[in-house]
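The residues making up each chain are set out below.
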Amino acid sequence: MTEIHPSSAAGPPAEASEAERRLRAEFPVVVEWPVAWAEMDYFRHVNHARYFTYFESARIQYLDRIGFRELTEARQTGPILASTQARYRRPVTYPDTVVVGARATEVGEDRFTHEYRLVSRAMGDVAAEGTALLVSYDYASGRKTPLPDEVRAAIQALERGIGTASRG
């Protein structure tokens, strides 16, 4: 398994592309992931399914930052992935490091939508974009439930802090 490298509070490296600088300015959670040779497929680019793993890593960091994973353990109420999609813009190849941002774009009564952007450091450009719909779920009863107020407040606070809060 590839290790996730949360970005530092210091921001992008000095040689960061404009695409990476924009991503870091627009997304409150950013993770970096070195591309492994084993992630490539027969066609000599990163397999399409791996992008969902990259998005998932950013999503888990986001859920940790808003305290939703802790709430799952305490109350058995947490997020469940209802749907996800990706749009591939450029093929990523080894060696590279991808920088993935996650942000909430819509918050509803019992759900919120995530947007992802993946930038290739080698290309200095956006390689993929995606979305996910996360539903608040009561794992004890097996049903959706209203989004907890503290989660809603944490999402709003994290999204308001774009450009000022530490990333990671």
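What this report covers is the structure whose coordinates are included nearby. Remember, predicted model here, so these are calculated numbers, not experimental data.

Cut-offs used in this document
All chains use their own residue numbering, which begins from 1 and follows the written sequence. Local features in this predicted model are restricted to residues of pLDDT 70 or higher, and side-chain atom pairs are both shown and tallied only at a pLDDT of 80 or more, whereas totals for entire chains, interfaces and linings draw on every residue. To get the side-chain values, all heavy atoms of the structure are used, and hydrogens and water are removed first. The helix and strand labels rest on DSSP assignments: H or I over at least four residues marks a helix, E over at least two residues marks a strand, and numbering proceeds from the N terminus. The buried label applies to any residue whose accessible area, calculated with a 1.4 Å probe on protein chains only, is under 20% of its type's maximum; exposed applies above 50%, and partly exposed to all values in between. Calculation of accessible area relied on Shrake-Rupley with a 1.4 Å probe; when residues are assessed, cover is drawn exclusively from the protein chains displayed. Axes, fitted as lines to C-alpha atoms, cover a helix only where it is in contact. Angles between the N-to-C directions of the axes lie from 0 to 180 degrees. Each angle gets one of four labels, with under 35 degrees taken as roughly parallel, over 145 as roughly antiparallel, 65 to 115 as roughly perpendicular, and the rest as oblique. Throughout, a crossing is termed right-handed when the near helix is turned clockwise from the far one, and left-handed when it is turned anticlockwise from it by less than a right angle. Note on definitions: a residue-residue contact is assigned when non-hydrogen atoms from the two residues lie within 4.5 Å. By nonpolar core we mean a set of buried residues, namely Ala, Val, Leu, Ile, Met, Phe, Trp, Tyr and Cys, connected to one another through side-chain atoms within 4.5 Å. Pairing of aromatic rings covers Phe, Tyr and Trp, the last through its six-membered ring, and needs centres within 6.5 Å; plane angles under 30 degrees mean stacked, over 60 mean edge-to-face, and all others mean tilted. Placement of a positive charge over a ring is assigned whenever Lys NZ or Arg CZ falls within 6 Å of the ring centre and within 35 degrees of the normal to the ring plane.

1. Looking at the overall build of the protein
The secondary structure content of the protein amounts to four helices and seven strands. When burial is assessed residue by residue, the protein has 42% of its 168 residues classed as buried. For the protein, the exposed surface amounts to about 8,700 Å²; the carbon and sulfur share of it is 50%.

2. Some thoughts on the packing of helix α2 (residues 48–66) against helix α4 (residues 149–160)
At a minimum axis separation of 9 Å, α2 and α4 run at an interaxial angle of 110°. Comparing their axes, α4 and α2 come out roughly perpendicular. Between α2 and α4 the crossing geometry is right-handed. Residue-level contacts link Tyr62, Arg65 and Ile66 of α2 to Val151, Ala154, Ile155, Leu158 and Glu159 of α4.

3. So, the environment of Leu133
For Leu133, the location among the structural elements is in strand β6 (residues 125–138). Taking the C-alpha atoms as reference points, Leu133 and Ile80, 53 residues apart in sequence, are found 8.5 Å from one another. In this structure Leu133 touches Ile80, Leu81, Ala82, Ser83, Arg111, Phe112 and Thr113, once residues within four positions along its chain are discounted.

4. Examining unusual backbone geometry
With an omega of -5°, the peptide bond between Tyr94 and Pro95 qualifies as cis. Within the fold, Pro95 resides in the loop between β3 (77–88) and β4 (97–107). Of note, the phi angle at Arg44 is positive, near 65°, even though the residue is not glycine. As for its position among the elements, Arg44 is in the loop between β2 (29–34) and α2. The exposure class assigned to Arg44 is exposed, which follows from its relative accessible area of 65%. A positive phi angle is found at Gln76, which is not glycine, with a value near 60°. Positionally, Gln76 belongs in the loop between α3 (68–75) and β3. On the accessibility criterion, Gln76 (42% relative accessible area) is partly exposed.

5. Concerning the nonpolar core
Among the nonpolar cores identified, the biggest contains 31 residues, and Tyr54, Ile66, Phe112 and Leu118 are the most heavily contacted of them. Of all elements in the fold, only β2, α2, α3, β4, β5 (111–120), β6 and α4 reach the threshold of two or more residues within this core. At seven residues, α2 tops the list of elements feeding residues into this core. If we skip the residues at most four places from it in the chain, Ile66 touches Phe112, Val151, Ala154, Ile155 and Leu158.

6. Some points on the packing of aromatic side chains
Tallied over the entire structure, the rule returns nine aromatic pairs. On the basis of an interplanar angle of 70° and a centroid distance of 5.9 Å, the ring pair of Tyr51 and Tyr54 is categorised as edge-to-face. One end of the pair, Tyr51, and the other, Tyr54, are both in helix α2, three residues apart, so they sit about a helical turn from each other. Of the two residues, Tyr51 and Tyr54, neither departs from the other in class, the shared state being buried. Connected via pairs of aromatic rings, a cluster forms that spans Trp33, Tyr51, Tyr54 and Tyr88. Taking NZ or CZ as reference, Arg103 lies 4.1 Å from the ring centre of Phe27, over its face.

By themselves, these are just geometric observations and shouldn't be taken as functional.
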